[in-house]
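Observations on the three-dimensional arrangement
In case you want the letters, here they are:
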Amino acid sequence: MNYYVIYDGNCNLCVTLVRSLETLDQGKLFRYSPMQDEQTLLQWGISAQDCEQGMILIDGNEPQRRWQGSNAAEEIGRLLPTGSIFVDAYRALPGMKWAGDRFYEQIRDNRYTIFGKRSNTYQSAYCVDGSCKP
C-alpha cells in the first residue's frame, strides 16, 4: 500500500519533515510530490488553492480518501510503526485536537516567515511515479 504526501517543496520546515520521513520510511509506504508539481497534482484534481490549506495525504489504493493539514500530519504519524499509540493518546486528551489544529494553521500560514523559503523546490527521491528512485 502506498500513500502520497503532497508537501510544500519551497518550505524549509516542510522539506525537513519530508526528509525525516524519507529516512524513517525509505519509500516503503510513502511517496512524495511537492505542491509546486502541477502535473502530478492534476492527476488527483488538486489545485494550488487546495494546497493553501496545508499538506495533503492521499491513500494510493483509494485516491478519494484524503487527509489535509493537521489531519494529514496525524494520519502520517498513525501509519508509522507504533505511531498510532501516540496519535491515539494525543486525540484522547481533551482540547488537544483543537489546539493542535490551531497550532498547525499558525505554522502553515507563517511557515516562510518563521522557517524561511528555499530558493529551489525540493524533489524527493521517492516520487509518486517511482522514476526518481535513488
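Just so it is clear, the structure is predicted and the values come from calculations on it, not from any experiment. Throughout this document, residue positions are counted from 1 along each chain, in the order its sequence is written. For this predicted model, a pLDDT threshold of at least 70 governs which residues receive local features, and a threshold of 80 or more governs which side-chain atom pairs are given and counted, while totals over whole chains, interfaces and linings are taken from all residues. Only hydrogens and water are set aside when side-chain values are computed; all heavy atoms of the structure are taken into account.

1. What to know about the sheet that holds strand 1 (residues 3-7)
Pairing between sheet strands relies on hydrogen bonds along the backbone, with the strands arranged either parallel or antiparallel. Spatial strand order, 2-1-3-4: four strands in an open sheet with mixed pairing. Two strands in the sheet have a free side with no partner beyond their single neighbour: strand 2 (30-34) and strand 4 (66-68). Strand-to-strand twist of the sheet, defined as the mean angle between neighbouring strand axes without regard to direction, takes the value 20°. Whether two residues are in contact is decided by their heavy atoms: any pair within 4.5 Å suffices. Note on definitions: angles span 0 to 180 degrees between N-to-C directions of axes, and those axes are lines fitted to C-alpha atoms, for helices only across the stretch in contact. Secondary structure counts use DSSP, requiring at least four H or I residues in a row for a helix and at least two E residues in a row for a strand, with both numbered from the N terminus. Together, strand 1 and strand 2 form the strand contacts of helix 1 (residues 12-25), whose direction differs from that of strand 2 by roughly 160°. Sheet strands touched by helix 4 (residues 70-79): strand 1, strand 2, strand 3 (56-59) and strand 4. Its angle to strand 4, the strand with the most contacts, is close to 120°. Think of it this way: DSSP has to see at least two bridges between two strands before they count as a pair.

2. Looking at the environment of Asp25
When you line up the elements, Asp25 lands in helix 1. For the pair Asp25 and Val15, spaced 10 residues apart in sequence, the C-alpha to C-alpha distance is 15 Å. Those residues within four positions of Asp25 in sequence are excluded, and the remaining contacts are Phe30 and Tyr32. A distance of 2.9 Å separates the side chain of Asp25 from the backbone nitrogen of Leu29, its partner in a polar contact. Counted as a polar contact is a pair of N or O atoms within 3.5 Å, where, for protein atoms, one must be capable of donating a hydrogen and the other of accepting one, and residues adjacent in sequence contribute only when both atoms are in side chains.

3. Quick look at the environment of Phe30
Note on placement: Phe30 falls in strand 2. Counting along the chain gives 25 residues from Phe30 to Val5, while the straight-line C-alpha distance between them is 6.8 Å. Discounting residues that sit within four places of it in the chain, Phe30 has contacts with Tyr3, Val5, Leu21, Asp25, Leu57, Ile76, Leu79, Leu80 and Tyr126.

4. Considering helix 6 (residues 96-115)
Residue count minus one, scaled by 1.5 Å, sets the expected span of a helix. With 20 residues, helix 6 should reach 28 Å at 1.5 Å per residue; the first-to-last C-alpha distance of 24 Å falls well below that figure. The bend reported for a residue corresponds to the angle between axes fitted to the seven residues ending at that residue and the seven starting there. Along helix 6, the largest kink reaches about 60° and is centred on Asp109. For every residue, the accessible area obtained with a 1.4 Å probe (protein chains only) is divided by the maximum for its type, and the residue is called buried under 20%, exposed over 50%, and partly exposed between those limits. Residues Gly100, Asp101, Tyr104, Ile107, Arg108 and Arg111 constitute the buried set of helix 6. Residues of helix 6 that are buried sit in contact with helix 1, helix 4 and helix 5 (83-92). Residue Gly116 follows helix 6 closely and has a positive phi angle near 90°.

5. Quick notes on the pattern of salt bridges
Once their charged atoms are close, side chains differing in charge can pair, the charge on each being opposite to the other. By definition here, a salt bridge exists when the distance from a side-chain nitrogen of Lys or Arg to a carboxyl oxygen of Asp or Glu is within 4 Å. Scanning the entire structure with this criterion turns up eight salt bridges. Notably, a salt bridge pairs Glu75 with Arg78, separated by 2.5 Å at the nearest N-O pair. Taken as a pair, Glu75 and Arg78 lie in helix 4 at a separation of three residues, close to a single helical turn. Using a relative accessible area of 31% as the deciding quantity, one classes Arg78 as partly exposed. With its nearest N and O atoms 2.9 Å apart, the salt bridge here joins Asp101 to Lys97. Of this pair, Asp101 and Lys97 both sit in helix 6, four residues apart, which is roughly one turn of the helix. Relative accessible area serves as the criterion here: at 15%, Asp101 is assigned to the buried category. By sharing partners, the salt bridges in this structure join Glu74, Arg91, Lys97 and Asp101 into a single network.

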